[in-house]
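As a plain string of letters, each chain reads:
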Amino acid sequence: MPEQTNGQTNGNNPDRPREPIVSPYQSKYPDPMSNVSNFKIIESTLREGEQFANAFFDTAKKIEIAKALDDIGVDYLELTSPMASEQSRLDCTAIANLGLKAKILTHIRCHMDDAKVAISTGVDGLDVVIGTSSYLREFSHGKDMDYITAKAIEVITFIKKSGLEVRFSTEDSFRSDLVDLLSIYKAVDKIGVNRVGIADTVGCANPRQVYELVKTLRSVVSCDIECHFHNDTGCAIANAYAALEAGATHIDTSVLGIGERNGITPLGGLFARMYAGDKEYVKNKYNLHKIRDVENIVAEAVDVTVPFNNYITGYCAFTHKAGIHAKAILNNPSTYEILKPEDFGMTRYVSIGHRLTGWNAVKNRVEQLNLDLTDEDAKAVTQKIKALADVHGALSLDMVDGLLKKFHEAKGDGTHKEVLNRIESPAQIVA
Ligand SMILES: CC(=O)SCCNC(=O)CCNC(=O)[C@H](O)C(C)(C)COP(=O)(O)OP(=O)(O)OC[C@H]1O[C@@H](n2cnc3c(N)ncnc32)[C@H](O)[C@@H]1OP(=O)(O)O
Ligand SMILES: O=C(O)CCC(=O)C(=O)O
Ligand SMILES: [Zn+2]
């Protein structure tokens, strides 16, 4: 049994019962609009992620990340525009030639020059974007909707002629006029664009607004619908889920959510959310055990640590602490877990060396250590752990084990109660 030293015991027990995830609020009937059980991931760590403040990926690192994401089974990899720099262009070509299973896309402005250079890199498809909100029309490119529509048609037609997949996206969609949006999406759908994209560029949208816009768009275009959500106001994962419920087909992600400002929908967070929606679809399609590896590669590359409360891989994502939780978790992990750690290559821990612990969790540790102690004994040691933790803070698992072993030894000659009374500090346990 692998052990932790920070007061945590591995509570995994394969003999314990597990139940399927069931929510009484889950609809009993299939929703024909919803793509929660049928979606694709456009992984943009190598595009949006490169826009993260700390990001600088050299060619070798981009290739390492691309391969790691390909191992996970993401459907697409989106790369920085080849117009960004000469090295960006060379990197696009290099990754397009790796022979990965994922389709390779690059991201360009709605501009013929960009399209020509992008096509020459050998990627499988181009993601074309142009801002349609009044902010971007006035302060970014300065073009009106007539110009944007005509240019979109010209660029898409050109890309299609080259045989590549093409997506057309409006930047800042949620601050754009609805009639403008639907008109341009209809126009590009008519000429055979493969996907249209909605982008919450400033992270202003909420799930209800997302649902409404995607549902409306779904009734207007026949092509696929991609969605891109920034996380400025904390809705990026929920918005992705709402978009899929409303009929979107593709979601943009990045590893750890890195991107411009505080980033976009994180890949791991999307996995967690979608697993709760349709576990079998997510487990069968994606290699969930690899998420930790790619997060570690990216975290190191951009010089950050994986957040303590990260979805799935945060250090406490599967740690249970309070006595009430610990007892129930040890009886049946589904009581307090919606995600099975083992499905993600992770391990559950039960933390017992603190003042919130309960005798059931301590008794479980007694059993793991094969000690012959009664329930009353476990309760007595639990009280000692609490008393020590009140004064000295949390005890490590080694300390808890030491206390249990000392108590157990002393039981042989009947001095266990005295031994417990004598211990006034953790130092005395190891003495
Ligand atoms: C919301 C997003 O994240 S969109 C993706 C953002 N990605 C990037 O910006 C990629 C990295 N960018 C770059 O390397 C550079 O900005 C380049 C190479 C794309 C352009 O560089 P520059 O020519 O020096 O222009 P600059 O960055 O100052 O301004 C952007 C130019 O693109 C134009 N533009 C902006 N958005 C678009 C668009 N979607 N479609 C067409 N043109 C656009 C602007 O009007 C401006 O043109 P100007 O040169 O006539 O002023
Ligand atoms: O191309 C897109 O759909 C999104 C572009 C982008 O990064 C954004 O609008 O935030
Ligand atoms: Zn973005």
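In what follows, the structure referred to is the one given above.
Residues numbered from 1 in each chain as written. Chains lettered and ligands numbered in written order. Predicted model: local features only at pLDDT ≥ 70, side-chain atom pairs only at ≥ 80, totals over all residues. Heavy atoms only, no water.

### A few points about the site of ligand 2
The test is simple: For this description, a residue counts as near a given molecule or strand if any of its non-hydrogen atoms is within 4 Å of it. Residues adjacent in sequence count toward polar contacts only when both atoms are side-chain atoms; beyond that, a polar contact is any pair of N or O atoms within 3.5 Å, and within protein one must be able to donate a hydrogen and the other to accept it. Every accessible area reported is derived by Shrake-Rupley at a probe size of 1.4 Å, with residue values counting cover from the shown protein chains alone. In this analysis the probe radius is 1.4 Å and the grid spacing 1 Å, with only protein atoms considered; a cavity is a set of points the probe fits into but cannot get out of, a pocket is an open set with protein on both sides within 12 Å along at least five of seven lines, and lining residues have an atom within 4 Å of a point. Each molecule is checked against the cavity or pocket grid, and it sits inside if more than half of its atoms lie within 2 Å of the grid points. Secondary structure follows DSSP: runs of H or I at least 4 residues long count as helices, runs of E at least 2 residues long count as strands, and numbering of each begins at the N terminus. Three classes are used, and their members are as follows: Ala, Val, Leu, Ile, Met, Phe, Trp, Tyr, Cys and Pro are nonpolar, Asp, Glu, Lys and Arg are charged, and the others, Gly among them, are polar.
The local shell around ligand 2 consists of R47, E48, H107, V129, R167, S169, E171, A199, T201, H228 and H230. Contact distances for ligand 2 include 2.9 Å between an oxygen atom and a side-chain N or O atom of E48. Taking H107, its side chain carries an N or O atom lying 2.7 Å from an oxygen atom of ligand 2. Expressed as a share of its isolated accessible area of 290 Å², the protein-covered part of ligand 2 is 94%. For ligand 2, the cavity whose grid points lie within 2 Å of the majority of its atoms is the largest pocket. Ranked by the residues each element gives to the shell around ligand 2, the list is headed by strand β6 (residues 165-171), at three residues. In the shell around ligand 2, the residues fall into two nonpolar, five polar and four charged.

### Description of the packing of aromatic side chains
Going by this rule: Ring pairs are drawn from Phe, Tyr and Trp, using the six-membered ring of Trp, whenever the two centres fall within 6.5 Å, and their geometry is named by plane angle: stacked under 30 degrees, edge-to-face over 60, tilted for the rest. The buried label goes to any residue with under 20% of its type's maximum accessible area, the exposed label to any with over 50%, and the partly exposed label to all in between, with areas taken from a 1.4 Å probe on protein chains only.
If you walk through the whole model with that rule in mind, you get four aromatic pairs. Each ring, one from F271 and one from Y286, has its centre 5.2 Å from the other, and the planes form 45 degrees; the classification is tilted. Of this pair, F271 sits in helix α9 (residues 267-277) while Y286 sits in the loop between α10 (279-285) and α11 (291-301), and the two are 15 residues apart along the sequence. The burial state of F271 is the same as that of Y286; both residues are buried. Considering the side-chain rings of Y275 and F344, the 4.9 Å spacing of their centres and the 45 degrees angle between planes classify their relative orientation as tilted. Taken together, the residues Y275 in helix α9 and F344 in the loop between α12 (323-331) and β11 (349-351) connect sequence positions 69 residues apart. Residue class for F344 comes out buried when judged on its relative accessible area of 1%.

### Section: the packing of helix α6 (residues 178-190) against helix α7 (residues 207-218)
The test is simple: Here the axes come from fitting lines to C-alpha atoms, over the contacting stretch only for helices, and the angles between their N-to-C directions go from 0 to 180 degrees. Note: crossing handedness is left-handed where the near helix turns anticlockwise from the far helix by less than a right angle, and right-handed where it turns clockwise. Residue contacts are counted whenever heavy atoms from the two residues lie within 4.5 Å of one another.
Interaxial distance between α6 and α7 falls to 11 Å at its minimum, and their mutual angle equals 40 degrees. In this structure, α6 meets α7 at a crossing whose hand is right-handed. On the side of α6, the interface is formed by L178, L181, L182 and Y185, while α7 contributes L213, T216 and L217. Taken together, the residues of the contact of α6 with α7 break down into six nonpolar, one polar and no charged.

### Topic: the sheet that holds β6
The line we're drawing: Only strands joined by at least two bridges in the DSSP assignment are considered to pair.
Spatial strand order, β2-β3-β4-β5-β6-β7-β8-β9: eight strands in a closed barrel with parallel pairing. For this sheet, the mean inter-axis angle between neighbouring strands, taken without regard to orientation, is 25 degrees. Two strands pair when backbone bridges link them, and strand β2 (residues 40-43) and strand β3 (residues 76-79) are joined in this way by two bridges, in the parallel orientation. Looking at β3, one finds that E43 is bridged to L77. Running over the sheet, α9 touches β2 and β9 (250-253) and is turned about 170 degrees from β2.

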